[in-house]
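Tertiary structure, described
So you can see what is in the structure, the chains are spelled out below.
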Amino acid sequence: MTRILICMLVVALAESFTPVSPHSAAADTREAMRESVQPAVLRVGAKRELKRPSAAAQIARDGDIIEIDAGIYEGDAAVWRQHRLTIRGIGGRAHLRANGAHAEGKAIWVIKGSDTTIESVEFSGAKVPDQNGAGIRLEGASLMVRDCYFHNNENGILTGANQNSDIVIEHSEFAHNGFGDGQSHNLYIGGVRSFTLRFSYVHHALVGHNVKSRALRNNITYNRIMDEKDGRSSYAIDFPNGGLALVIGNVIQHGPKTENSTIVSYGAEGLKHPLNELYFVNNTVVNDRPAGGRFIFVRGGTDAARIVNNVFSGRGDALSGPGELRNNVAASRTNFVDPAGFDYRLKAGAAAIGRGVDPGSAHGFELRPTAEYAHKAKMRTRSRSETLDAGALEYRRER
């Protein structure tokens, strides 16, 4: 309504005070109208004019900011077609609880525009007829997700293939997503240009994978990716088509109820990218599967696989397939502060303390960790001292 009133006022002023030819007046009026319609802040909430996010989706323009009051928005779904939107919860997370609602039979939110930022929003309960319903389905290019929570959907986030698209997810949680058929996942990133996942907590995928990405470049850094006691995920991390994968500083745990013997898989469905290199550095990987298995699988034909400074705990082979194993530590559970509570910080005297070496760089990216995961979905800076501990979490003396 504000936009409409502004435009009407501009037209009236132009007609009243412009003593020039009709053609010139019309041109000046159109230019004034274009300049007057600036990106707006649209506010959504129970006490606002816009009661539901879907109402904002119908009137938003490119570049707008949508602020959604914290609270539960039951049975609301939307298609966002605009570009450069920022959509964020205010005063806490805005909870989109699907309760049977979906957009286009795909998701709670279908994002068709490009360069979208979503902050402080919770998505739950997405279910659709083809059993592939997502909290967010991205069909446009490029998405930033920050401080969001996706749980109990058939997919957490599902994206299409777009080699002009960059996906960044940070400080977010994904839990209990998946239909249970092994084809739906906590996170499923299609063939995009790049995918970054950092400082996030991804756990309890329902039979599917916790993280699955077909991106050309993957930066998986400083996350907690786990089954814990009762999770049944397949792979913790899956790069089915290879690509450039930088996996640094993650705490990864495979639970006792998992049905898959492999924790991290690279190229299982065939190497399809121009560059296929895996850099797996300073991670802590724990296998609680009683029968053991493989910590890392790498497909033959991979250009390079460098596995350095990791801590592996539990039964299984560190690597199946080609690759360089350098300076990794096999650690018993007694090396950790509280393994039963999934606290894998190093205890005094742990074998990993001071065992790290300089991992070098790859494609302009320094492989030495500069941060570490802090629960829940936070980060802390890692020291830059000359000595480097192996694993994702450096030893810190109690004070």
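Residues numbered from 1 in each chain as written. Predicted model: local features only at pLDDT ≥ 70, side-chain atom pairs only at ≥ 80, totals over all residues. Heavy atoms only, no water.

**Considerations on the pairing of strand E6 (residues 116–119)**
Burial of the side chains of E6 extends over both faces: Thr 116 and Ile 118 are buried on one face and Thr 117 and Glu 119 on the other. With three bridges joining them, strand E4 (residues 86–97) and E6 adopt parallel strand pairing. Looking at the pairing, Thr 86 lines up with Thr 117 of E6. (Buried < 20%, exposed > 50% of the residue type's maximum accessible area, 1.4 Å probe, protein only. Helix = DSSP H or I, 4+ residues; strand = E, 2+ residues; numbered from the N terminus. Pairing = 2+ DSSP bridges.)

**A few points about the packing of aromatic side chains**
Tallied over the entire structure, the rule returns eight aromatic pairs. Look at Phe 123 and Phe 150: their rings are 4.8 Å apart centre to centre, the planes differ by 10°, and that puts the pair in the stacked class. Of this pair, Phe 123 sits in strand E7 (residues 121–124) while Phe 150 is found in strand E10 (residues 149–151), placing the two residues 27 residues apart along the sequence. We classify Phe 123 as buried; its relative accessible area is 0%. (Phe/Tyr/Trp six-rings, centres within 6.5 Å; stacked < 30°, edge-to-face > 60°.)

**Quick notes on the pattern of salt bridges**
Enumeration over the complete set of coordinates arrives at 27 salt bridges. In this structure, Glu 372 and Arg 380 form a salt bridge, with 3.5 Å as the shortest nitrogen-oxygen distance. Classification of Glu 372 as buried rests on a relative accessible area of 1%. For Arg 380, a relative accessible area of 27% puts it in the partly exposed group. A salt bridge links Glu 394 to Arg 396; the shortest N-O distance between them is 3.3 Å. The class of Glu 394 is buried, set by a relative accessible area of 10%. Its relative accessible area of 38% is what places Arg 396 among the partly exposed residues. Several salt bridges converge on common partners, so that one network encompasses Arg 81, Glu 104, Lys 106, Lys 112 and Glu 139. (Salt bridge = Lys/Arg side-chain N within 4 Å of Asp/Glu carboxyl O.)

**Examining the side chain of Asn 219**
Take Asn 219: it is sitting in strand E18 (residues 217–221). Of the residues examined, Asn 219 reaches a relative accessible area of 10% and is grouped as buried. Asn 219 has contacts with Phe 195, Thr 196, Leu 197, Leu 246 and Phe 365, leaving out every residue within four places of it along the chain. (Contact = heavy atoms within 4.5 Å.)

**Concerning the environment of Pro 322**
Note on placement: Pro 322 falls in the loop between strand E29 (317–320) and strand E30 (324–326). The partly exposed category is assigned to Pro 322, whose relative accessible area is 34%.

**Regarding the pairing of strand E28 (residues 311–314)**
Pairing geometry for strand E25 (residues 284–287) and E28, over four bridges, is parallel. Bridged to Val 286 within E28 is Ser 313. Two elements, E28 and strand E31 (residues 329–330), share two bridges in a ladder whose sense is parallel. Bridge pairing links Val 311 to Val 329 in E31.

**Looking at unusual backbone geometry**
Here the residue pair His 375 and Lys 376 is connected by a cis peptide bond, since its omega of 15° sits within 30 degrees of zero. Position of Lys 376 relative to the elements: it lies in the loop between strand E36 (371–374) and strand E37 (378–381). A positive phi angle, near 60°, is found at His 204, a position not held by glycine. Following the sequence through the fold, His 204 ends up in the loop between strand E16 (201–203) and strand E17 (211–213).

**Observations regarding the confidence of the model for the protein**
Here the protein averages 92 in pLDDT, while 90% of its residues score no lower than 70. Taken together, the stretch residues 1–23 has pLDDT below 50 and engages in 20 contacts with residues farther than four places along the chain or on a different chain. Low pLDDT, under 50, characterises residues 29–35; the stretch is placed with seven contacts to residues that sit more than four places away or in other chains. (pLDDT = per-residue confidence, 0-100.)

**Quick notes on the sheet that holds strand E23 (residues 262–266)**
Taken together, the ten strands give an open sheet; going across it, the order is E3-E5-E8-E11-E14-E17-E20-E23-E26-E29, and neighbouring strands pair in parallel fashion. Of all the strands in the sheet, just strand E3 (78–80) and E29 have a single pairing partner and so form its edges. This sheet shows a mean twist of 10° between the axes of neighbouring strands, independent of strand direction. Examined bridge by bridge, strand E8 (residues 134–138) and strand E11 (residues 155–159) share four bridges and lie parallel to one another. (Axes fitted to C-alpha atoms, helices over the stretch in contact; angles between N-to-C directions.)

**Quick word on the side chain of Asn 283**
Following the sequence through the fold, Asn 283 ends up in the loop between strand E24 (277–281) and E25. Owing to a relative accessible area of 0%, Asn 283 belongs among the buried residues under this scheme. Side-chain polar atoms of Asn 283 contact the backbone nitrogen of Gly 249, separated by 3.2 Å. Those residues in contact with Asn 283 that lie beyond four places of it in its chain are Val 247, Ile 248, Gly 249, Asn 250, Asn 309, Asn 310, Val 311, Gly 391 and Ala 392. (Polar contact = N/O pair within 3.5 Å; in protein donor to acceptor, adjacent residues only side chain to side chain.)

**Notes on the environment of Ala 362**
Here Ala 362 is to be found in strand E34 (residues 361–362). Ala 362 gets classed as buried once you look at its relative accessible area, which sits at 4%. The sequence separation of Ala 362 and Arg 326 amounts to 36 residues, and the corresponding C-alpha distance is 16 Å. If we skip the residues at most four places from it in the chain, Ala 362 touches Leu 246, Tyr 279 and Leu 367.

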